[in-house]
Amino acid sequence: MRVGNIVVVNFFISLIRGARFILPPRMLCLATLLGCNLHAGVFSTDFNTERLMGAQTFGDASMEKTGGIMNSGVLKLTSPRSDGNGTLILDELDPGKDVVSFSVKFRVAIGSTDRPAANDGISVNFSSDLPKEIGSEGAGNGLTISFGSYLSAKDLPISAIKIKYQGTNVVGSYFSLRTDTNFADVEIQLDADGALTIIYNGATAYDHSRLFDYKPLAGRFGIGATTGSGAASHFIDDLWIRTQTEAPPRVKSRQRSTRKTQLLPEYSVRAWHVEDGLPQNMVQALVQTRDGYLWAGTRRGLARFDGSKFTVFNSESTSEIKDPIINALCAAKDGSLWIGTESGLVQLKDGEFTRYTNGLPSEQVKVIREISDGSLLVGTVKGLARYKDGKI
């Protein structure tokens, strides 16, 4: 199963004319593998706190109260001046353990200058030997993803996303990186088999590109930026990292087969992508409601799947969804759908959307769970809240 794409095993789908379908409970375990509790470490911050726990900044890097998403807190790695450098290094999320796979998500604003120059850029690194100064080319002998501008053979400025592994350049791809004052979503997914997916501002730069001779390693995450004569600014917001120290389980058929090499012999598997109507390929939450619809939460909106097509709900089409990033979904016993976004808790019931923010520790909702008495536990980046009888 590809992480980030909806996968449905057709054998279990009962399509009804009118395009609704039902998945039995044991099928839903396939859909929820994306959220299975195998990860050992999580780091999350919106840079709105006065002190950053579990990480250190070096050089020009500083946390500011304004300048981020909706003018909120932000990490400024470099300001628009020449020869700048700023670094953020996290504490080890899994001390003494090898990390098998990880996900990194954040938003970045790369300010433009009249003439971008070599060495302007930002890098994301995972290694055991990170120094206090990390530049656009990265550092350490682990994995580096570099988002930078360079000079071509004819001294023309170009921008690219490059991958380094064990100190060696693996591959590079030309990419437009400048965002001015806007923020671009960045998503990095390293799978247990060494497949690397990188999405920048909604466009896929690398799709399951394999790292040769990949082996799990222990280490820390570090993000660094440098400015050359181009003097670009590099701002970071909404940083989220999750690691796994165990490989995810393989899905096998319970039915014995006479052919030893055949797995899931009675099923067919299909993946749906942006081309099929998904707002984005990186699916962060997946649930089915009692009416048979399958709901997918992405970083570009909520999608409802009826068995043949997607209907998208986002900030443009639904006023209650203020932010397109959908972090969590919960199908309640009363038939309603609860949606966790970066800007509050949203309920869909009887065709109506309602947004809740009053009483929440933070508007950034990451987890939603319904418990036995019908109330909801809502996990945010600043604490846990309980919703019951219309009140938080």
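If you're wondering where the values come from, they're calculated on a predicted model, not measured in any experiment. (Residues numbered from 1 in each chain as written. Predicted model: local features only at pLDDT ≥ 70, side-chain atom pairs only at ≥ 80, totals over all residues. Heavy atoms only, no water.)

Asks: Would you take a moment to explain the nonpolar core for this structure?
Replies: Side chains that are nonpolar tend, in soluble globular proteins, to be buried together. Formed by 44 residues in total, the largest nonpolar core has its most connected members in Phe-147, Ile-161 and Tyr-200. Per-element tally for this core: the top contributor is strand S9 (residues 101–110), with five residues. Setting aside its immediate chain neighbours within four residues, Tyr-200 contacts Val-108, Ile-110, Phe-147, Ile-161, Phe-175, Ser-176, Leu-177, Thr-179, Ala-184, Asp-185 and Val-186. Counting residues in hydrophobic clusters, the runner-up holds 14 residues, among them Ala-285, Leu-302, Ile-326 and Leu-348. (Core = buried A, V, L, I, M, F, W, Y, C linked by side-chain atoms within 4.5 Å. Buried < 20%, exposed > 50% of the residue type's maximum accessible area, 1.4 Å probe, protein only. Helix = DSSP H or I, 4+ residues; strand = E, 2+ residues; numbered from the N terminus. Contact = heavy atoms within 4.5 Å.)

Asks: What am I meant to see in the confidence of the model for the protein chain here?
Replies: Regions with low pLDDT carry predicted coordinates that are not meant to be interpreted in detail. Across the protein chain, the average pLDDT comes to 80, with 79% of residues at or above 70. Here residues 1–38 is modelled with pLDDT under 50, and outside its nearest four sequence neighbours on either side it reaches 93 contacts, counting other chains as well. (pLDDT = per-residue confidence, 0-100.)

Asks: Would you explain the environment of Thr-354 in this entry?
Replies: Relative to the helices and strands, Thr-354 is located in strand S27 (residues 352–356). In this structure Thr-354 comes out as partly exposed when scored by relative accessible area, which is 33%. Considering only alpha carbons, one finds Thr-354 and Ser-319, 35 residues apart in sequence, at a separation of 9.6 Å. Not counting chain neighbours up to four residues away, the residues in contact with Thr-354 comprise Glu-320, Leu-345, Val-346 and Gln-347.

Asks: Can you help me understand the side chain of Thr-341 in this one?
Replies: Inspection of the secondary structure puts Thr-341 in strand S25 (residues 337–341). Assessed through its relative accessible area of 0%, Thr-341 is described here as buried. A distance of 2.9 Å separates a polar atom in the side chain of Thr-341 from the backbone oxygen of Gly-344. In this structure, Thr-341 is in contact with Asp-323, Ile-325, Ile-326, Asn-327, Val-346, Glu-363, Gln-364 and Val-365, ignoring residues within four places of it in sequence. (Polar contact = N/O pair within 3.5 Å; in protein donor to acceptor, adjacent residues only side chain to side chain.)

Asks: I keep staring at the sheet that holds strand S23 (residues 310–313) and nothing clicks. Help me out?
Replies: Taken together, four strands build an open sheet; the order of strands is S20-S21-S22-S23 and the sheet is antiparallel. The open sheet is flanked by strand S20 (283–288) and S23, the only strands paired with a single partner. Direction aside, the axes of adjacent strands within the sheet are offset by 20° on average. With four bridges joining them, strand S22 (residues 301–305) and S23 adopt antiparallel strand pairing. Within S23, the residue paired with Phe-305 across the bridge is Phe-310. (Pairing = 2+ DSSP bridges. Axes fitted to C-alpha atoms, helices over the stretch in contact; angles between N-to-C directions.)

Asks: I would appreciate a short explanation of the pairing of strand S17 (residues 220–226) in the present structure.
Replies: Put simply, side chains in a regular strand alternate between the two faces of the sheet. Most of S17 sits inside the fold, with six of its seven residues counted as buried. When strand S10 (residues 121–127) meets S17, the two strands line up antiparallel, connected through seven bridges. Counterpart to Asn-125 in the pairing with S17 is Gly-222.

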